[in-house]
Amino acid sequence: MNNLPINPQSLRNLIRHGKLSQPTSGMAPGHVQANLAILPKSLAFEFLLFCQRNPKPCPLIEVIEAGSVEPISTAPGADLRTDIPKYRVFKHGELVAEVEDISEFWNDDLVSFLLGCSFSFENSLIRAGISLRHFENGTNVAMYVTNIPTKASGLFSGPMVVSMRPIPRHQVVRAVQITSRFPGVHGAPVHIGDPTAIGIDNIYKPDMGDLNGIKEDEVPVFWACGVTPQVIAMNSKPPLMITHSPGHMFITDIVDEDLAIL
């Protein structure tokens with residue numbers, strides 16, 4: 001990762017041309033990364049309402065109008081069909097493809113949603129001296145489906161997904177303080193400690209991503225995760241939903257402090 005450019009536009013250019021397809025944690029430090037959800041226009045209002053009712057897992061950053069592939073507010077000149085390292089395509093709740101380019105699935109009836117991602121606050125955690133093992137290992141963060149229900153909207157309903165980072169016990173309070181400043185990218189944790197309390201029976205078997213180990217002096221800390229719409233897609237079965245692949249985010253031009261609160 002040390003050899004990669006830190007400029008978002010340069011990173012997106014590498015991704016667009018198939019030269020970068022790995023998880024994006026740690027890339028473009030200080031810039032906001034985003035989850036992606038793309039749906040037919042007929043379902044866009046219901047999903048927009050779902051996001052508004054569930055701001056922890058689905059914090060809206062930008063909604064791109066039907067047919068447009070350019071997120072003008074967050075990354076002018078970008079193309080949502082090509083500028084994410086890896087995508088998932090769901091049809092009627094079934095994962096039918098995982099690809100690096102969604103041009104063949106694109107049509108002018110599709111509305112795109114960019115949602116805040118917790119990768120965006122990782123730079124602030126690292127600056128505060130809180131190490132993140134998945135960042136150090138160059139792997140993906142661990143993600144789990146929980147028993148925490150979301151608030152339904154029309155077709156859309158299902159459980160919340162969380163990402164987990166093992167945090168040294170003496171730094172947990174500081175991690176909560178730091179991430180609380182970023183409600184636009186999931187904000188404070190939704191749970192700390194015992195994973196079974198939120199329906200995770202085996203923390204050593206993530207539903208998505210990679211387990212990077214939990215040391216004796218560390219506590220598992222869980223943040224709401226923007227992969228939630230993918231589980232919602234499998235539960236609600238819309239005719240088509242296109243998302244990012246877990247951990248493979250859209251890198252925007254905006255900086256994390258733009259979304260921070262004092």
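Refer to the structure printed above.
Residues numbered from 1 in each chain as written. Predicted model: local features only at pLDDT ≥ 70, side-chain atom pairs only at ≥ 80, totals over all residues. Heavy atoms only, no water.

Run through the packing of aromatic side chains, naming residues and quoting values.
In this structure the tally under the stated criterion is six aromatic pairs. With centroids separated by 6.3 Å and ring planes inclined at 70 degrees, the aromatic side chains of Tyr-144 and Phe-222 adopt a geometry described as edge-to-face. Of this pair, Tyr-144 sits in strand S6 (residues 142–149) while Phe-222 sits in strand S9 (residues 218–224); the two residues are 78 residues apart in sequence, bridging distant segments of the chain. Note on accessibility: Tyr-144 and Phe-222 belong to one class, buried. Among the aromatic residues, those joined into a cluster by ring pairs are Phe-47, Phe-50, Phe-113 and Phe-156. (Phe/Tyr/Trp six-rings, centres within 6.5 Å; stacked < 30°, edge-to-face > 60°. Helix = DSSP H or I, 4+ residues; strand = E, 2+ residues; numbered from the N terminus. Buried < 20%, exposed > 50% of the residue type's maximum accessible area, 1.4 Å probe, protein only.)

Mind laying out the side chain of Glu-62, listing which residues take part and the relevant values?
Inspection of the secondary structure puts Glu-62 in strand S2 (residues 60–64). Lacking a salt bridge, the buried Glu-62 has Arg-12 as its closest oppositely charged neighbour, with an N-O distance of 9.9 Å. Of note is the side chain of Glu-62, whose polar atom sits 2.7 Å from the side chain of Thr-74. Discounting residues that sit within four places of it in the chain, Glu-62 has contacts with Pro-71, Ile-72, Ser-73, Thr-74, Ser-112, Phe-113 and Leu-114. (Lys, Arg positive; Asp, Glu negative; His and termini not counted. Salt bridge = Lys/Arg side-chain N within 4 Å of Asp/Glu carboxyl O. Polar contact = N/O pair within 3.5 Å; in protein donor to acceptor, adjacent residues only side chain to side chain. Contact = heavy atoms within 4.5 Å.)

Pulling in residues and values, what's your account of the sheet that holds S6?
Here four strands make up an open sheet; going across it, the order is S6-S7-S9-S8 and the pairing antiparallel. Looking at the sheet topology across the chains shown, the edges are occupied by S6 and strand S8 (191–192). Relative to S9, S8 runs antiparallel, the two sharing two bridges. By the bridge assignment for S9, Ile-192 is matched with Val-221. Against the sheet, helix H6 (residues 228–236) contacts S6 and strand S7 (159–168), and its axis sits at roughly 150 degrees relative to S7. (Pairing = 2+ DSSP bridges. Axes fitted to C-alpha atoms, helices over the stretch in contact; angles between N-to-C directions.)

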